[in-house]
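# Summary of structural features
Given next are the chains, with one letter for each unit.
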Amino acid sequence: MAILYALVARGSVVLAEFSATPTTANAIARQILEKIPGNVDSHVSYSQDRYIFHVKRTDGLTVLCMADDTAGRRIPFAFLEDIHSRFVKTYGRAVHSALPYAMNEEFSRVLSQQMDYYSNDPNADRINRMRGEMNQVRNVMIENIDKVLDRGDRLELLVDKTANMQGNTFRFRRQARRFRSSVWWRNVKLTVALIVLLIIIIYIVLIFVCHGFTLPSCR
């Protein structure tokens, strides 16, 4: 599993990029940037042969990486989240007016380091799995890159509609809590009723044994 290429862009303006190996990824990445609506936040993936281009766009800032198809989605998107956070934290408002490749000399080293970490360090997968469980459910789309490049009107979207699953999960948890509370109260009421019944039975027995309601012979 490996992340081979990454960039950070404002719209179609590339601010920093790094490639771990000679590829045509940069040319494909630029065409992808042109295809993504600039005012829409998105998490989307595009397939090209045995590689997947993963894209995260937030508030006009796009981070993109190319990984082989064995990498799945969790690690690449965790990488993109990490890169987005580092870039915004480092450059702040400067990203909105920076010239092309203005941050490349400095930030390309960060891209290289984090690409290596997320590609090779087993700790990255454990951390990302925890993040995935906490932030579970993103709307990730797979589109065929060839059709995106040739005909934008024939995108083949494979949408992972897990947003609804998140809502259903929350509702299920609320219902489960209410059900557990209802069962607990029912058990409490049943226990109290059994105790009262047991006291009544003991009293009735004592009435017969002690010859009267006031238990005269048992005093």
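Because the structure is predicted, anything quoted here is derived from the model rather than measured.

Reading the values: rules and limits
Residues numbered from 1 in each chain as written. Predicted model: local features only at pLDDT ≥ 70, side-chain atom pairs only at ≥ 80, totals over all residues. Heavy atoms only, no water. Helix = DSSP H or I, 4+ residues; strand = E, 2+ residues; numbered from the N terminus. Expected span 1.5 Å × (residues − 1). Buried < 20%, exposed > 50% of the residue type's maximum accessible area, 1.4 Å probe, protein only. pLDDT = per-residue confidence, 0-100. Contact = heavy atoms within 4.5 Å. Polar contact = N/O pair within 3.5 Å; in protein donor to acceptor, adjacent residues only side chain to side chain. Core = buried A, V, L, I, M, F, W, Y, C linked by side-chain atoms within 4.5 Å. Axes fitted to C-alpha atoms, helices over the stretch in contact; angles between N-to-C directions. Parallel < 35°, antiparallel > 145°, perpendicular 65-115°, else oblique. Left-handed = near helix turned anticlockwise from the far one by under 90°.

Here we take up helix α2 (residues 74-91). For an α-helix the count is 3.6 residues per turn, leaving residues at separations of three or four pointing the same way. If you check α2, its first and last C-alpha atoms are 26 Å apart, about what 18 residues at 1.5 Å a residue would give, namely 26 Å. All buried positions along α2 are accounted for by Ile75, Pro76, Phe77, Ala78, Phe79, Leu80, Asp82, Ile83, His84, Phe87 and Tyr91. Note on α2: the residue one or two positions beyond its end, Gly92, has a positive phi of about 55°.

Chain-level pLDDT for the protein is 81 on average; 78% of the residues reach the 70-or-more range. In the model of the protein, strand β7 (residues 158-160) stands out as the element of lowest mean pLDDT, 43, in contrast to strand β2 (residues 13-19), which has the highest, 94. Scored below 50 in pLDDT, residues 153-160 makes 19 contacts in the model with residues more than four places away or belonging to other chains.

Looking now at the side chain of Lys56. Tracing the backbone shows Lys56 in strand β4 (residues 51-58). Overall, Lys56 belongs to the buried group, its relative accessible area being 5%. Polar contacts involving the side chain of Lys56 include one to the side chain of Glu81, which spans 3.3 Å. Beyond its immediate chain neighbours, meaning those up to four positions away, Lys56 contacts Ser42, His43, Leu61, Thr62, Val63, Leu80, Glu81 and His84.

In this structure, Val8, Phe79, Phe87, Phe107 and Leu111 are the most contacted members of the largest nonpolar core, which totals 25 residues. For this core, the secondary-structure elements that each account for two or more residues are β1 (3-10), β2, β5 (61-68), α2 and α3 (104-120). If you tally residues by element for this core, the top one is α2, at 8 residues. The residues contacting Val8, other than those within four sequence positions of it, are Val13, Val14, Leu15, Ala16, Leu61, Thr62, Val63, Ile83, Phe87, Phe107 and Leu111.

So, about the packing of α2 against α3. Contact geometry for α2 and α3: axes closest at 11 Å, N-to-C directions at 155°. The orientation of α2 relative to α3 falls into the category roughly antiparallel. The chirality of how α2 crosses α3 is right-handed. On α3, the residues that touch Ile75, Ala78, Phe79, Asp82, Ile83, Arg86, Phe87 and Tyr91 of α2 are Glu106, Phe107, Val110, Leu111, Gln114, Met115 and Tyr118.

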